[in-house]
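Structure at a glance
Chain by chain, the residues run as shown.
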Amino acid sequence: MKASSLLLLIFCASQSLARLEFDSVANKVKLYGPYIKYNTLKEPFSIGQFQVELMDIRLEMNEENKLNAIWPRFLLSYGSLKILNKNGRVLLTEVFTEEELGGDDKYFRYILKDQGSSLQEILANDFQVCVEQIFNQAQVRACSNYLKLVGGASQSTHTGKNASAVTINKKKSPKNAQVSLADQQKRVSFELKFKSGFSISISDDIRHLKLENLVIDPSEKRIGIMDGTGTIRPTQVTLKDRLFSFIKEKNDFKNQYESTKMWPQDLEDAEMEFAPYQLGASLQLFGLIMPQVPPPFEFKLDDGMPIATYKKEVELKGTKSENEVLAAKNQNELFIHKNQKEFLWKYPALKKGEVNQNYLSLQHKNKDFFFSQRIFRAHQTAFAGSIGLSTSTTLDIVPGYNFSAEHWFEEIWNKSKYSFQRWGLAFNYYETMQGFRPKKDFPEKISINPIHMDLLYRLNQGVRPVQSSFGLGLRYQNFTLFRSVSNDIKTQLLGVGAFWHTAPQKIVDDIFNIIPLFRYPKWMEVSFFYYPLTFSDVQLGLSFSWQLKGKMFFSKSWYLEAAFNVNSVSFKQETTIGTTDQFGIATAHGTIGLGYLF
């Protein structure tokens, strides 16, 4: 399994989480594709799932004497428009959004922003109008035949001598065909030219679906894709959207959870073609055959069920009708209440660090129909060892080492909202390996050994490292100051603080992903603690610590960990000879090491 799929969790639609999916594998659904299909022999022309009687791009004046560009609605709903002369020089470029478009059921209309007096003069000579859209890997471009602007409307100057033609990956192809996209191919380019001179070119990465990632909701007649590459209806992309996409959390779990809230496709029949990717930007079709269509059913899981867990077994409650007969894969997993309307499913989640999928079967007329649920099982405990470098205000740099551990509880006393998937424990041990001077005028060298234990509480339920959270913490810190001449100082501090655990923002993740070595799921933890109380015979001054930690998961159990820490402790202590030791020790240290999840 690839590391990028380790945090893949669950496909979730806008419907309730309690809705089970019709299990594609267990019900022996057949999936074919990808392939592209088209027919350009006669009208209505078909391209993928589209049928079009007339295709053209043109310019004309509207009632307000404004110049309009008009193109078929199915092509694209946002992007850029270009006007080129016969030599290919760009005369005008404008970017538009869906909100700027008008039109009817067949055509979009766009009013050009640049209405300069010289524009119509330029368009009196041969020109070509092209519209283009880039969506992730896909690119759509459509161009008109050569035109002239005459009397406020564009007229074709095309001679009509050219024959229509289809090329796929730059190879001439039949005008009516269904072409399978081979597994070894990575990208497909499709170009279609009509006798009129109108042309469409589409380029896209070839995306091969896996049957186990196909999600079917037979009650709502919907199809979805679990791996996050599906849906995605054409949408307007504004400057605000682009900016927000950079600062939005990029979470391998959350991306799957959010990007598939809309189901990509309606389920029309038990045997059908469907296009899960952006309509217009991709021609890739898939075939679906369901050997058996489930009967109407009422059983469902209760709302509020977890989408992730730390445990190897999750108790899921549900309801059904009295006449429905349910069975689990193993007999001891499903318990039916004596009223025949409620049930308890002891869902097994045996695989750590990945999605677990299990099913219930509905028995109807001597047939079994399988319905499944997906739950991610996270590791409960982590341990990491790191090496580091410490410095102080003198900028002396000394080596150190660090050990850390954490453990998170599914629940502590019960499944109440204050207990379930909220509590965690953390431990950290750091020590410098040689002495350094904390200040330039300090008479001796010191080394430090802060050890702390934390009790952590998430403000919202969830499982790390897949669900982000703010939280509060209580810390006990044992701080030891080793001195080269004087007596060592030990003090115990009590701290209160807060933390933020999240996947990194997209702009941060994209920067790291420039280097192929870093293209793995990531997690980030930020914490701050203030120490108002000491258990030792010292007077405590302003003391605090904060930490920024990043984790990169390159397998189910192993991760790379890097952290930056600042620790400042200030205190006074009376000595046995009546003098006062007064210290303000501020250090910063960075660490890098390996962690293991279990």
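Scroll up a little and you will see the structure.
To start, this report covers the structure provided alongside it. (Residues numbered from 1 in each chain as written. Predicted model: local features only at pLDDT ≥ 70, side-chain atom pairs only at ≥ 80, totals over all residues. Heavy atoms only, no water.)

1. Let's talk about the state of the cysteines
According to the stated counting rule, one finds 1 disulfide in the structure shown. At a sulfur-sulfur separation of 2.0 Å, the disulfide partner of Cys130 is Cys143. Here Cys130 and Cys143 share a disulfide; its torsion about the S-S bond, 110°, makes the bridge right-handed. You can see Cys130 sitting in strand S11 (residues 127-135) and its partner Cys143 sitting in strand S12 (residues 138-143), a full 13 residues away along the chain. Here the two residues Cys130 and Cys143 agree in accessibility, since each one is buried. (Disulfide = S-S within 2.5 Å. Helix = DSSP H or I, 4+ residues; strand = E, 2+ residues; numbered from the N terminus. Buried < 20%, exposed > 50% of the residue type's maximum accessible area, 1.4 Å probe, protein only.)

2. Quick look at unusual backbone geometry
Here the residue pair Gly33 and Pro34 is connected by a cis peptide bond, since its omega of 5° sits within 30 degrees of zero. Within the secondary structure, Pro34 is located in strand S2 (residues 30-39). In this structure, the amide linkage connecting Glu43 to the following residue, Pro44, adopts the cis form with an omega of 0°. Mapped onto the elements of the fold, Pro44 is located in the loop between S2 and strand S3 (45-47). Even without being glycine, Leu395 reaches a positive phi, approximately 65°. Topologically, Leu395 is positioned in the loop between strand S33 (381-391) and strand S34 (398-408).

3. A word on the pattern of salt bridges
Considering all chains together, one arrives at 19 salt bridges under this definition. A salt bridge links Lys113 to Glu100, with the shortest nitrogen-to-oxygen separation between them at 3.2 Å. One end of the pair, Lys113, is in the loop between strand S10 (107-111) and helix H1 (117-122); the other, Glu100, is in the loop between strand S8 (90-96) and strand S9 (101-103), with 13 residues separating them in the sequence. A network of salt bridges, in which partner residues are shared, links Glu406, Arg464, Glu525 and Lys551. (Salt bridge = Lys/Arg side-chain N within 4 Å of Asp/Glu carboxyl O.)

4. What to know about the sheet that holds strand S29 (residues 334-336)
Across a sheet, paired strands are connected by hydrogen bonds in the backbone, their directions being either parallel or antiparallel. With antiparallel pairing, the 4 strands of this open sheet are ordered in space as S25-S27-S30-S29. Unpaired on one side and paired on the other, strand S25 (300-301) and S29 mark the two borders of the sheet. Relative to strand S27 (residues 313-319), S25 runs antiparallel, the two being bridged by 2 bridges. The partner of Leu301 across the bridge, within S27, is Gly318. (Pairing = 2+ DSSP bridges.)

5. Re the packing of aromatic side chains
Here the structure, examined in full by the defined rule, presents 26 aromatic pairs. Between Trp71 and Phe96, the aromatic rings sit 5.1 Å apart at their centres with planes inclined by 45°, giving tilted as the arrangement. A residue pair is termed long-range when its members are at least 10 positions apart, and Trp71 in strand S6 (residues 67-72) and Phe96 in strand S8 qualify at 25 residues. Arranged with centres 5.6 Å apart and planes meeting at 10°, the rings of Phe470 and Trp500 form a pair that is stacked. On the criterion of sequence distance, the pair formed by Phe470 in strand S37 (residues 469-483) and Trp500 in strand S38 (residues 489-502) is long-range, its members being 30 residues apart. Given a relative accessible area of 52%, Phe470 falls into the exposed group. On the accessibility criterion, Trp500 (29% relative accessible area) is partly exposed. Taken together, the ring pairs in this structure connect Phe22, Phe297, Phe299 and Phe371 into an aromatic cluster. In this structure, Arg58 is placed above the aromatic ring of Tyr107, and the distance from its NZ or CZ to the ring centre is 5.2 Å. (Phe/Tyr/Trp six-rings, centres within 6.5 Å; stacked < 30°, edge-to-face > 60°. Lys NZ or Arg CZ within 6 Å of the ring centre and 35° of its normal.)

6. Considerations on a nonpolar patch on the surface
A cluster of nonpolar side chains, namely Leu425, Leu455, Leu474, Val496, Phe528, Tyr530, Leu542, Trp546, Leu548 and Phe564, defines an oily patch on the protein surface of about 870 Å² accessible area. At the level of secondary structure, the elements contributing two or more residues to the nonpolar patch comprise strand S39 (522-534) and strand S41 (544-553). Looking at where Leu548 falls in the secondary structure, it is placed in strand S41. Residue class for Leu548 comes out partly exposed when judged on its relative accessible area of 38%. (Patch = residues over 30% accessible without salt bridge, like charges linked within 9 Å, V, L, I, M, F, W, Y side chains within 5 Å. Areas by Shrake-Rupley, 256 points an atom, 1.4 Å probe, with all protein chains shown as cover.)

7. Thoughts on the side chain of Ser154
With respect to the helices and strands, the residue Ser154 is situated in strand S14 (residues 153-156). Ser154 gets classed as buried once you look at its relative accessible area, which sits at 15%. A distance of 2.8 Å separates the side chain of Ser154 from the backbone oxygen of Leu59, its partner in a polar contact. If we ignore the near neighbours within four places in the chain, the residues touching Ser154 are Arg58, Leu59, Phe127, Leu147, Lys148 and Leu149. (Polar contact = N/O pair within 3.5 Å; in protein donor to acceptor, adjacent residues only side chain to side chain. Contact = heavy atoms within 4.5 Å.)

8. Let's talk about the pairing of strand S18 (residues 187-193)
Consecutive side chains along a regular strand alternate between the two faces of the sheet. The alternating pattern of S18 places Val188, Phe190 and Leu192 on a buried face and Arg187, Ser189, Glu191 and Lys193 on a face that is not buried. Where strand S15 (residues 165-168) meets S18, 4 bridges bridge the pair, whose relative direction is antiparallel. Across the sheet, residue Ile168 finds its bridge partner in S18, namely Phe190. With antiparallel pairing between neighbouring strands as the criterion, S18 and strand S19 (residues 199-205) make up a hairpin whose turn holds 5 residues, including Gly197 at a positive phi of roughly 105°.

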